[in-house]
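Listed here are the chains, written in short residue letters.
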Amino acid sequence: MASKYLIGLDIGTSGAKCILVDDKGAVLASSTQEYPLSTPKPGWAEQNPQDWWDAVVRGLKVILPKANVPKDQIAGVSFSGQMHGLVALDKDLNVIRPAILWCDSRTQKQCDWITEKAGGLSGLLTYTNNQMLAGYTGGKLIWFKEEEPELFAKMTRFICPKDYIRLKVCGELAIDASDASGTGFFNTRERVWADDLIALAGLDKAIFPDVLESTDLAGRVTRACAEETGLPEGLPVYAGGGDAVIQTTGAGLVKPGVVGVVIGTAGNVSMALDRYFDNPKGALQMFCNNAPGLWQAIGCTLSAGGSYRWYRDTLCEHLKEMAAQGKGNVYDLMGKAAEQSKPGANGVLFAPYMSGERCPYPDPNARGVFYGLSLSSTRGDITRAVMEGVTYSLRQLVDLMNSFVSIEKVYTSGGGSVSPLWRQMQADIFDLPVYTMSASGEGGAYGAILVAGVGAGVWGSLEEAASIIQVETETLPIRENQKAYQDAYSLYCELYGALKPVYDKGAALAL
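Rules used in this analysis
Residues numbered from 1 in each chain as written. Predicted model: local features only at pLDDT ≥ 70, side-chain atom pairs only at ≥ 80, totals over all residues. Heavy atoms only, no water. Helix = DSSP H or I, 4+ residues; strand = E, 2+ residues; numbered from the N terminus. Rg over C-alpha atoms; globule rule 2.2 N^0.38 Å. Buried < 20%, exposed > 50% of the residue type's maximum accessible area, 1.4 Å probe, protein only. Contact = heavy atoms within 4.5 Å. Lys, Arg positive; Asp, Glu negative; His and termini not counted. Charge placed at Lys NZ, Arg CZ, Asp CG, Glu CD. Disulfide = S-S within 2.5 Å. Pairing = 2+ DSSP bridges. Core = buried A, V, L, I, M, F, W, Y, C linked by side-chain atoms within 4.5 Å. Salt bridge = Lys/Arg side-chain N within 4 Å of Asp/Glu carboxyl O. Axes fitted to C-alpha atoms, helices over the stretch in contact; angles between N-to-C directions. Polar contact = N/O pair within 3.5 Å; in protein donor to acceptor, adjacent residues only side chain to side chain. Parallel < 35°, antiparallel > 145°, perpendicular 65-115°, else oblique. Left-handed = near helix turned anticlockwise from the far one by under 90°. Nonpolar A, V, L, I, M, F, W, Y, C, P; charged D, E, K, R; others polar. Phe/Tyr/Trp six-rings, centres within 6.5 Å; stacked < 30°, edge-to-face > 60°. Lys NZ or Arg CZ within 6 Å of the ring centre and 35° of its normal.

## Considerations on the overall build of the protein chain
The secondary structure content of the protein chain amounts to 18 helices and 24 strands. For 511 residues, the compact-globule formula gives about 24 Å, and the C-alpha radius of gyration of the protein chain, at 22 Å, lands near that figure. The C-alpha extent of the protein chain, read off along each of the three principal axes, is 65 × 55 × 45 Å. For the protein chain, with 511 residues in total, the buried portion stands at 60%. A sequence separation of at least 24 residues applies to 71% of the contacts in the protein chain between residues at least 6 apart. Side chains of the protein chain carry 45 positive and 56 negative charges; the gap between the two charge centres is 2 Å.

## Focus on the state of the cysteines
For the structure on display, the rule yields zero disulfides. The cysteine Cys 103 is free of any disulfide, with Cys 300 supplying the nearest cysteine sulfur at 9.8 Å. Left without a disulfide partner, Cys 359 is nearest to the cysteine sulfur of Cys 300, which lies 8.1 Å away. Of the residues examined, Cys 359 reaches a relative accessible area of 4% and is grouped as buried.

## A closer look at helix α15 (residues 420-430)
Three- or four-residue spacings in an α-helix give side chains the same orientation, since the helix completes a turn every 3.6 residues. Counting buried residues in α15 gives 10 out of 11 residues, a clear majority hidden from the surface. Among the residues making up α15, those that are buried are Leu 421, Trp 422, Arg 423, Gln 424, Met 425, Gln 426, Ala 427, Asp 428, Ile 429 and Phe 430. With its phi angle positive at about 55°, Asp 431 sits one or two positions after the end of α15.

## Some remarks on the pairing of strand β3 (residues 27-34)
With seven bridges joining them, strand β2 (residues 15-22) and β3 adopt antiparallel strand pairing. Bridging from a neighbouring strand, Ile 19 pairs with Ser 30 of β3. The antiparallel pairing of β2 with β3 creates a hairpin that spans four residues between the two strands, and Gly 25 there sits at a positive phi of about 100°.

## Re the nonpolar core
Within the largest apolar cluster, 96 residues are counted, with the highest numbers of intra-cluster contacts made by Leu 141, Met 155, Phe 185, Trp 193, Leu 203, Phe 208 and Phe 430. Per-element tally for this core: the top contributor is helix α14 (residues 379-402), with nine residues. Those residues in contact with Leu 141 that sit more than four places away from it in its chain are Leu 86, Phe 152, Met 155, Phe 158, Phe 185, Leu 203, Ile 207 and Phe 208. Core analysis: the next-biggest nonpolar cluster, separate from the first, contains 45 residues, Ala 55, Val 77, Leu 89 and Val 169 among them.

## Here we look at the pattern of salt bridges
Close approach of charged atoms allows side chains with opposite charge to pair. Per the stated rule, a full pass over the model turns up 27 salt bridges. A salt bridge links Lys 162 to Asp 179; its shortest N-O distance comes to 2.9 Å. Of this pair, Lys 162 sits in helix α6 (residues 161-170) while Asp 179 sits in helix α7 (residues 177-181); the two residues are 17 residues apart in sequence, bridging distant segments of the chain. Residue Lys 162 is classed as buried on the basis of its relative accessible area, which comes to 0%. The buried category is assigned to Asp 179, whose relative accessible area is 0%. Within the structure, one salt-bridge network assembled from shared partners comprises Glu 34, Arg 309, Arg 312, Asp 313, Glu 317 and Lys 320.

## Remarks on the sheet that holds strand β24 (residues 471-475)
Here we have seven strands laid out as an open sheet, ordered β18-β19-β17-β16-β22-β23-β24, and mixed in their pairing. Because the sheet does not close on itself, it has two edges, and the strands there are β18 (285-288) and β24. Each neighbouring strand pair of the sheet contributes to a mean axis angle of 30°, computed without reference to strand direction. Taken together, the six bridges between strand β16 (residues 258-263) and strand β22 (residues 409-414) define a ladder with parallel strand orientation. Paired with Ile 263 across the two strands is Gly 414, which belongs to β22. Against the sheet, α14 engages β16, β17 (267-273) and β19 (295-301), with an angle of about 20° to β17. In this fold α15 packs onto β16, β22, β23 (434-437) and β24, with an angle of close to 140° to the strand it touches most, β23.

## Regarding the side chain of Thr 412
Tracing the backbone shows Thr 412 in strand β22. Once you skip the residues sitting within four places of it in the chain, Thr 412 turns out to touch Val 261, Ser 417, Arg 423, Gln 426, Val 434, Tyr 435, Thr 436 and Ser 440.

## Side note on the side chain of Ser 307
Along the chain, the position of Ser 307 falls in helix α11 (residues 305-315). Looking at Ser 307, its side chain comes within polar contact range of the main-chain oxygen of Ser 303, at 2.6 Å.

## Some points on the packing of helix α1 (residues 49-67) against α6
Contact geometry of α1 with α6 gives a least axis separation of 10 Å together with a crossing angle of 60°. In this view, α1 runs oblique relative to α6, as classed from their interaxial angle. The hand of the α1/α6 crossing is right-handed. Of the residues in α6, those in contact with Pro 49, Gln 50, Trp 52, Trp 53 and Val 56 of α1 are Pro 161, Tyr 164, Ile 165, Lys 168 and Val 169. Partitioned by chemical class, the residues of the contact of α1 with α6 number eight nonpolar, one polar and one charged.

## Some points on the packing of aromatic side chains
All told, the structure shown has 21 aromatic pairs when counted by the stated rule. Measuring from ring centre to ring centre gives 5.5 Å for Trp 44 and Trp 143, while their planes differ by 85°; the resulting arrangement is edge-to-face. A residue pair is termed long-range when its members are at least 10 positions apart, and Trp 44 in the loop between β3 and β4 (46-47) and Trp 143 in helix α4 (residues 137-147) qualify at 99 residues. Considered together, Trp 44 and Trp 143 belong to a single accessibility category, that of buried residues. Their ring planes at 80° and their centres at 5.5 Å tell us that Phe 144 and Phe 152 sit as a pair that is edge-to-face. Accessibility classification places Phe 144 together with Phe 152 in one group, the buried group. Through a chain of ring-to-ring contacts, the aromatic side chains of Phe 158, Phe 185, Phe 186, Trp 193 and Phe 208 assemble into a single cluster. The side chain of Arg 97 reaches across the aromatic face of Phe 144, ending 5.9 Å from its centre.

## Points about unusual backbone geometry
In this model, Cys 359 is joined to Pro 360 through a cis peptide bond whose omega is 10°. Structurally, Pro 360 is set in the loop between β20 (349-351) and β21 (369-371). Despite not being glycine, His 84 has its phi angle at roughly 75°, a positive value. When you line up the elements, His 84 lands in the loop between β5 (74-81) and β6 (87-89). In this structure His 84 comes out as buried when scored by relative accessible area, which is 4%.

In structure tokens form, the structure reads like this:
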């Protein structure tokens, strides 16, 4: 029987990843194309959706010739993408303003207003089983209506980032249940829009797109897309999913008991659930998963790999220059510096609240902090502190998840999983065995491959699709490191509470 091939497209915050995979799970070609992030005001984050599409076109023009597979054996294409973004479209489905991204924190006032209209947090949870967080699409819609009314009046539909790329590929407008869960206006129990909450917020239901399941057929590649990208015209296009959910599907997390940790631009801790659970106090995000009858418990810290990238770009110019001179990968050079320090980073702590925070502290006013610097602090200490601070932030989410469902092990993925040092930090700080899985470095794009394969009939279910994923590395906790990390983590957990009044005062002064 002839092999089948699948294409996954992931619209990340820093770039678009395009991969082509065979039906055994082998990645035959991969390309990542970067694009800029705009921060026109403190706490704002925007991108031009055309930049996403241009990056996808470039990526497809790399992977299709590189893989050089028969186009009639490509079974489907699907998508992953940064969640919660607001892409506003006019009557002709043209973008009418820059997309407002997940890491944008301008909408706390609007989120508070929606929560109040719903009857407070307890009332809101009856509609959606989730808080209305500042990163969610819901607050952005109200902000858009209040602050840019003339543009808002031109909007006939909105979608999320990966849905814009799907629109460009197949000409069909929709959202999937996992991405819809992150708008704050979705009934996750019934997997439909929360019509009553939408009405309370004064929004027109007509602007909300149709909802598909991740494995549903969304359309077929148009002639225009085929001519621009090289994709075969008529290729089946499947709905895909929001990255916080589909990344864990791509790492093999389709059953309870295993937690997925993703260190991408954001950091996510997730667990698949085979039944619906109520979400007491809205502590976690409870989203629909990538197939009917599955849900996902999620905790998100907003600046994980994003903090490390900021550190690279701002304070590691000399290492970037060395890398440019062919003296090694910049992240490897940073890792070598961190290895010169020791667990606990010689007393230096880093709080990674570079874009505010979501979980366990839903606070757009929070900001990044270095604590414990002294005249004896080295670059290695500071580098290690950034890595550890991100991991402590994730540990808080693991602890929260563990109180909800017992955790036995961790599957780690994203950029932070590539570094052996960072994997060891995770094992030591979580006090759990940590595994990387085959293709974990491909992130959400690999999850998109799996849902496309299920939709196309290559595999019969997500569980069957995930069976192609194999353990690549195992990292066990080192007991000798436990005390240093536990002491540092305990102090880290006090930082936010101690600094909360300062964060709020700083936010007020910024106004």
